[in-house]
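Chain and residue survey
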Amino acid sequence: MTATQTSTPATTSPATAPHAADTHDVIRVQGARENNLKDVSLEIPKRRLTVFTGVSGSGKSSLVFATIAAESRRLIDETYSTFVQGFMPSLPRPDVDVLEGITTAILVDQERMGANVRSTVGTVTDANAMLRNLFSRIGDPYVGPPTAFSFNVPTSTASGVFSTGKADGTTEKKVVRNQVYLGGMCPQCEGRGTVSDLDLSVIVDESRSLNDGAILVPGYKADGWMVKGFAESGFVDGDKPVRDYTETERHDFLYREKGKVKALGMNMTYQGLIPKLRESVFSKAPESLQPHIRAFVERAAVFVPCPACDGTRLNESARSAKVNGAGIADVCRMQISDAADWARGIDNPGVAPLVTSLLHLFDKFVEIGLGYLSLDRPAGTLSGGEAQRTKMIRHLGSALTDVTYVFDEPTIGLHPHDIQRMNSLLLDLRDKGNTVLVVEHKPEAIAIADHVVDLGPGAGTDGGTICFQGTVDQLRASDTLTGRHLDDRATVKESVRTPTGALEIRGADQNNLQGVDVDVPTGVLTVVTGVAGSGKSSLIHGNLAGREGVVVVDQGAIKGSRRSNPATYTGLLEPIRKAFAKANGVKPALFSANSEGACPTCKGNGRIYTELGFMETVETPCEDCGGKRFMASVLEYTLGGLNIAEVLDLSVAHAHAFFREGDAKIPAAHKILAHLEDVGLGYIKLGQPLNTLSGGERQRLKLAMHLGDSGGVIVLDEPTTGLHLADVENLLRLLDHIVDSGKSVIVIEHHQAVMAHADRIIDLGPGAGHDGGRIVFEGTPADLVAQRTTLTGEHLAAYVGA
């Protein structure tokens with residue numbers, strides 16, 4: 001270009017036109033049909049907080065987890081090499097037509113952490129790894145490398161000849177004698193911290209004699225030959241109370257080794273009661289025992305702290321090293337908020353970066369409301385809410401942006417006082433430029449949403465559609481089920497039931513409990529509440545679980561294989577199989593996918609599992625039975641116009657109507673289905689695998705099993721988990737029905753509507769961890785609201801508008 005030439009300016013877009021890269025501001029879903037979704041199409045704004053709500057079973061998880069998050073995970077996995085994918089779980093493509101604009105999804109769910117006995121809060125968050133490095137470098141006295149402080153690594157000694165091949169073809173040999181490899185594992189408990197023991201008070205009533213029924217083991221009747229073998233052995237007096245035995249008599253009765261004696265007029269083998277029970281009962285798998293014997297075993301078999309390491313899991317060498325006046329076991333036993341104070345007192349420039357990282361981790365625990373935990377807390381004992389918040393820790397302060405965080409009811413297990421802190425954390429993640437998707441029912445959590453998606457209108461086949469999209473204010477003005485119940489407020493029960501008795505708890509000191517004495521009333525609805533970490537579960541599970549007549553219905557996983565479903569778990573399948581057999585004149589075994597009626601190709605699984613060597617196992621529907629699990633000949637037999645596979649595909653509500661009358665009338669099945677509907681599970685399918693149920697659904701399924709029982713005490717752990725606002729009222733009616741039928745109900749709960757409906761409230765606190773563990777209120781809901789002396793009282797008063 002010459003000097004006289006002028007350049008023509010380039011054509012530019014108006015300043016207001018966005019860059020093409022900035023136009024991808026929504027996640028577009030079109031034609032989603034996963035599970036019960038009915039061709040759902042919607043646009044979800046990015047870099048905003050979107051809450052998905054709706055009744056249980058309406059399709060929230062199917063849309064958020066099984067469609068959006070699953071496709072994100074699948075696409076990310078496809079970027080890895082085939083070799084690496086072989087070590088990853090196989091994820092099929094979700095049933096959706098179009099899914100655009102998705103980003104990397106990070107799931108923070110409420111699945112319980114692995115219940116491996118070696119897994120602790122410290123190991124799952126890498127706090128233990130940092131502490132091991134810290135103590136190996138500045139611990140006094142010096143013990144050894146980081147492995148010397150690991151309770152998963154035993155100290156071992158090696159001797160022998162080590163051979164090393166060289167490039168010239170020769171071999172270099174080195175003789176090693178007594179080479180020590182240091183580990184921190186306690187040799188007696190092998191790093192578990194506990195050893196198995198038997199609770200003698202469950203096995204023997206020492207106030208009685210043998211002839212008066214001192215042995216409490218099922219089958220050991222006072223006049224039976226098994227007890228007579230002890231009473232007439234010559235070692236003990238059968239008419240003497242066990243507590244009056246001499247030391248020798250006590251040993252012979254309980255612990256004497258096997259030997260021949262003359263008793264009952266013959267030569268017989270005599271063995272002490274405890275070794276006899278260990279061989280005959282406690283050595284067997286609990287699942288193989290009869291229900292009443294299994295219940296006895298679960299009461300009698302206990303784990304006690306290892307006497308060698310005092311439950312620390314570490315050997316003496318690992319416990320001897322100190323940093324800032326504390327050993328690694330001492331730090332792991334501290335409340336995390338106290339451990340943070342200990343770490344701040346370390347003044348050593350050589351480990352400054354390590355201490356900074358450790359403090360950052362501890363402070364995040366406190367920030368998220370888990371400062372009351374200790375690092376040696378077994379991971380399997382964390383509640384669903386605690387587990388989810390523990391998983392959140394690794395994401396707080398992350399430098400990542402423009403990712404999608406997916407949360408499953410993050411307010412589970414949180415007192416109303418703690419929900420505001422959780423809301424702040426969710427908003428912080430959003431404000432860093434992330435997309436936050438939350439499945440939630442609590443009004444306090446819905447209130448902070450930028451965008452709300454309400455699914456429904458019902459559950460199961462009656463759900464799966466979008467009922468509403470918009471802001472919280474628009475939701476409140478809408479006529480959807482969620483909109484109508486968003487501002488629901490309870491009223492305090494005016495008249496309360498009178499207790500018929502009490503369950504005494506004296507000197508309770510589990511975890512953070514501080515010698516609590518309390519009488520838990522029976523014959524009424526009792527709610528045990530308090531801030532997260534105040535000691536509610538420790539008080540109830542640690543002191544009432546295992547007592548005769550007390551049934552604990554929690555949210556833990558239900559034991560069973562991938563063949564297990566609600567029909568098999570509840571015993572519903574048995575009367576159905578018999579009815580099919582009677583109607584068709586064949587054997588009941590034909591109508592079991594685990595017996596003669598199973599498809600021979602998939603052996604009743606309904607799925608074919610193909611091993612592909614180093615690649616991930618591929619799961620596909622069985623081509624012969626189409627996933628129905630039964631032989632084609634079996635499906636020709638019908639009852640009421642449906643074959644067995646079609647019956648198992650019915651929802652509980654539809655099956656309830658189906659078995660109520662006509663040719664398919666089965667009173668036994670109708671009764672079980674009525675209980676399942678009573679607990680709010682009308683939408684689940686009879687043949688739905690148990691591993692697809694949420695924690696709240698598992699708890700309600702277990703509760704249904706006990707509705708027909710007479711008398712007794714039922715303990716429920718946060719039964720409102722996973723319940724829509726409209727369903728809480730149904731739950732309260734169910735709890736009233738259970739109490740009115742003669743049972744006592746104890747509920748560990750944070751929901752204010754349940755508190756207001758209680759006959760009696762036991763409030764623990766005032767804080768969490770060592771700041772809690774005390775009873776701060778006992779009385780009626782009306783008294784709690786009137787006094788307002790606790791955090792619970794303040795929030796309950798605000799909820800009921802007092």
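We now turn to the structure provided with this report. (Residues numbered from 1 in each chain as written. Predicted model: local features only at pLDDT ≥ 70, side-chain atom pairs only at ≥ 80, totals over all residues. Heavy atoms only, no water.)

A word on the overall build of the protein
When its secondary structure is counted, the protein shows 29 helices and 25 strands. In terms of its C-alpha atoms, the protein occupies a principal-axis envelope of roughly 125 × 85 × 75 Å. Across the 802 residues that make up the protein, the buried fraction comes to 48%. Considering only contacts in the protein between residues 6 or more positions apart, those separated by 24 or more positions represent 65%. (Helix = DSSP H or I, 4+ residues; strand = E, 2+ residues; numbered from the N terminus. Buried < 20%, exposed > 50% of the residue type's maximum accessible area, 1.4 Å probe, protein only. Contact = heavy atoms within 4.5 Å.)

Description of empty space enclosed by the protein
Throughout the structure, instances matching the rule amount to 5 cavities of 30 Å³ or more. When its volume is computed, the largest cavity comes out at roughly 140 Å³. Looking at the largest cavity, it is lined by 19 residues, and the ones nearest its centre are Glu 409, Lys 442, Thr 720, Thr 721 and His 751. The residue makeup of the lining of the largest cavity, split by class, is 6 nonpolar, 8 polar and 5 charged. Each pocket or cavity is described by its volume, and for the second largest cavity that value is around 60 Å³. Looking at the second largest cavity, the residues that line it are Asn 565, Thr 568, Leu 573, Phe 591, Ser 592, Ala 593, Asn 594, Arg 629, Phe 630 and Leu 648. (1 Å grid on protein atoms, 1.4 Å probe; cavity = no way out; pocket = protein on both sides within 12 Å on 5 of 7 lines; lining within 4 Å. Points joined across faces, edges and corners; volume = space filled by probe spheres on them. Nonpolar A, V, L, I, M, F, W, Y, C, P; charged D, E, K, R; others polar.)

Re unusual backbone geometry
Between Asp 140 and Pro 141 the backbone carries a cis peptide bond, its omega angle lying at 5°. Positionally, Pro 141 belongs in the loop between α4 (127–138) and β6 (156–165). Put simply, Gly 765 and Pro 766 share a cis peptide bond, and its omega is 0°. You can see Pro 766 is positioned in the loop between β24 (760–765) and β25 (774–779).

So, the sheet that holds strand β4 (residues 96–100)
The strand order across the open sheet built from 3 strands is β2-β1-β4, with neighbouring strands paired in antiparallel fashion. The outermost strands of the open sheet, each flanked by one partner alone, are β2 (40–45) and β4. Going from strand to strand, the sheet's axes swing by 5° on average, the running direction of each strand aside. When strand β1 (residues 26–32) meets β2, the two strands line up antiparallel, connected through 5 bridges. Within the sheet, the bridge partner assigned to Ile 27 lies in β2 and is Ile 44. Taken strand by strand, helix α1 (residues 60–77) contacts β1, β2 and β4, and its axis lies near 65° from that of β4. (Pairing = 2+ DSSP bridges. Axes fitted to C-alpha atoms, helices over the stretch in contact; angles between N-to-C directions.)

Structural notes on the side chain of Ser 538
Residue position: Ser 538 is located in helix α19 (residues 536–543). Looking at Ser 538, the relative accessible area reads 13%, which means it is buried. Leave out the neighbours within four places in its chain, and Ser 538 touches Gln 510, Asn 511, Asn 512, Leu 513 and Asn 543.

These figures capture arrangement, not role.
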